[in-house]
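# Coordinate inspection notes
Residues per chain, in single letters:
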Amino acid sequence: MSLTPLRDSGASARVPAVTAQTLLEMKRCGHAITSLTAYDYPTARLVDQAGIDVILVGDSVGMAVLGYDTTLPVTMDEMLHHTRAVARGVQRAFLVADMPFGSYQASAEDAIRNATRFIKEASAHAVKIEGGQRRAELVRRLTDAEISVVSHIGLTPQSVHRMSGYRVQGRTSEAVDELYADAVALEAAGAVAIVLEGIPREVAGEITARAGIPTIGIGAGPDCDGQILVFHDLFNLTFSPPAKFVRRYADGAAFFADALERYRDDVASRTFPGDAESYHLPRELREQREAQEQPADLHATGKK
Ligand code: KIV
């Protein structure tokens, strides 16, 4: 008998929900972990029904959806709002909520309080925090508080100013050693997985081979245990040229633009809505009213 909780996938077969243990088993069996961000209910449903294993409500919501220039202004309230919406659309995937800048740096107490809100008020299964060795103690404290943590090292967007921009990390011997030490410290502290962002594929491959927990890469090459992309990157919905590591699977911008222009033209030319898109009076009432003499001009009767 499996102790893994079963949830209805919405498909004909019932499938086990993805848990941290599932991800670990996938690493051990060599099955690639699929992951994508989602920020709202419809995209969460689509991503979940496509069988993506891990859905991250990333603080990238700030740039992809809210129009900020960086992820730094994103607030706890914004993250909770989007995580709740996503959670309503997820039946199968492991749901991770990103802790926004400022929600975990000041103190462990603050971090535990904020992380607890994601689990308790927004139904997340885990939280993600950026940073390596200097976050290891916090990862341990969160894990002790029964909160699963996904760590995130390499190019950590919340450190954009410290890094002097979004730059590939781990390109010197010292930096590579730091990344290995980060991964070791985070695993020892209890992290359930590590996101590796913007690092050379050789370094990501070696961290993945050495780590006992799954690695999920973004801009870290093909040798990680899994891959994650930002939903809007996949569909060309970012209004900016893609980073080198992005593969676009559909041109969502062109798809929406075409539909929007056709809608505009149909309304302007009065071909939308048509009769089939209109409600009608019951036939009897319509015939009755048609049989009645109608005033030629409503204004002439004083009615508005
Ligand atoms: O916020 C985010 O979307 C992320 C991913 C890029 C890993 O942190």
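Since the structure is predicted, the reported quantities are computational estimates derived from the model, not experimental observations.

## Focus: the pairing of strand S3 (residues 33–37)
Each regular strand displays side chains that alternate between the two surfaces of the sheet. Buried residues dominate S3, accounting for five of its five residues. Here S3 shows two buried faces, one formed by Ile 33, Ser 35 and Thr 37 and the other by Thr 34 and Leu 36. Strand direction decides the pairing type here: S3 and strand S10 (residues 226–229), joined by four bridges, are parallel. Following the sheet pairing, Ile 33 is matched in S10 by Gly 226. Taken together, the three bridges between S3 and strand S4 (residues 54–57) define a ladder with parallel strand orientation. Paired with Leu 36 across the strands is Ile 55, a residue of S4.

## Some remarks on the domain arrangement of the chain
Looking at the chain, the domain boundaries give domain 1 (6–234) and domain 2 (256–301). Put simply, the middle of domain 1 and the middle of domain 2, counted by C-alpha atoms, are 51 Å apart.

## Notes on the environment of Leu 56
In this fold, Leu 56 is placed in strand S4. Judged by local crowding, Leu 56 falls into the buried class, with 33 C-beta atoms found within 10 Å. Through-space distance from the C-alpha of Leu 56 to that of Val 195 is 11 Å; in sequence the pair is 139 residues apart.

## What about unusual backbone geometry?
With an omega of -5°, the peptide bond between Phe 272 and Pro 273 qualifies as cis. Within the secondary structure, Pro 273 is located in the loop between helix H10 (252–268) and helix H11 (283–291). Backbone geometry places Ser 123, a non-glycine residue, at a positive phi of 60°. Relative to the helices and strands, Ser 123 is located in the loop between helix H5 (108–122) and strand S6 (126–130). Judged by local crowding, Ser 123 falls into the partly exposed class, with 15 C-beta atoms found within 10 Å. One non-glycine residue, Asn 236, lies in the positive phi region at around 50°. By secondary structure assignment, the location of Asn 236 is in the loop between helix H9 (231–234) and H10. With 19 C-beta atoms packed within 10 Å, Asn 236 lands in the partly exposed category.

## Focus: helix H4 (residues 76–89)
The first and last C-alpha atoms of H4 sit 20 Å apart over 14 residues, in line with the 20 Å expected at 1.5 Å per residue. Among all positions of H4, only Met 79, His 82, Thr 83, Val 86, Ala 87 and Gly 89 are buried. Taken around the axis of H4, the buried residues stretch over an arc of 150°, which confines them to a single face.

## Structural notes on the nonpolar core
Counting 71 residues, the largest nonpolar core has Val 54, Ile 55, Val 96, Val 127, Val 149, Ala 191 and Ile 194 as its most contacted members. Ignoring sequence-local partners within four residues, the contact set of Ala 191 consists of Val 139, Val 149, Val 150, Ser 151, Leu 186 and Ile 213.

## A closer look at the site of the ligand
The environment of the ligand is formed by Thr 37, Leu 56, Gly 58, Asp 59, Ser 60, Asp 98, His 152, Val 195, Glu 197, Ile 218, Ile 228 and Val 230. Counted by class, the shell around the ligand contains five nonpolar, four polar and three charged residues.

## Describing the pairing of strand S7 (residues 148–154)
Burial of S7 is extensive: seven of the seven residues sit out of reach of the surface. Burial of the side chains of S7 extends over both faces: Ser 148, Val 150, His 152 and Gly 154 are buried on one face and Val 149, Ser 151 and Ile 153 on the other. Inspection of the sheet shows S6 paired to S7 by five bridges, in the parallel sense. Bridge pairing in S7 links Ile 129 to Ser 151. For S7 and strand S8 (residues 193–197), the ladder comprises five bridges, and the chain directions are parallel. Looking at the pairing, Ser 151 lines up with Ile 194 of S8. This β-α-β element, S7 to helix H7 (residues 173–189) to S8, shows right-handed connectivity.

## A word on the packing of H4 against H5
Two elements in contact, H4 and H5, have axes whose closest approach is 10 Å; the angle formed by their N-to-C orientations is 30°. Taken together, the axes of H4 and H5 lie roughly parallel to each other. Crossing hand, H4 versus H5: right-handed. Within the contact between the two elements, H4 uses Met 76, Leu 80, Thr 83, Arg 84 and Ala 87 and H5 uses Asn 114, Arg 117, Phe 118, Glu 121 and Ala 122. Counted by class, the contact of H4 with H5 contains five nonpolar, two polar and three charged residues.

Criteria and thresholds
- Residues numbered from 1 in each chain as written.
- Predicted model: local features only at pLDDT ≥ 70, side-chain atom pairs only at ≥ 80, totals over all residues.
- Buried ≥ 20, exposed ≤ 12 C-beta atoms within 10 Å, placed from the backbone.
- Helix = DSSP H or I, 4+ residues; strand = E, 2+ residues; numbered from the N terminus.
- Pairing = 2+ DSSP bridges.
- Domains from an automatic or database assignment.
- Expected span 1.5 Å × (residues − 1).
- Arc of directions from axis to C-beta.
- Core = buried A, V, L, I, M, F, W, Y, C linked by C-beta atoms within 7 Å.
- Contact = placed C-beta atoms within 7 Å.
- Near = placed C-beta within 6 Å.
- Nonpolar A, V, L, I, M, F, W, Y, C, P; charged D, E, K, R; others polar.
- Right-handed = clockwise from strand over helix to strand, strands pointing away.
- Axes fitted to C-alpha atoms, helices over the stretch in contact; angles between N-to-C directions.
- Parallel < 35°, antiparallel > 145°, perpendicular 65-115°, else oblique.
- Left-handed = near helix turned anticlockwise from the far one by under 90°.

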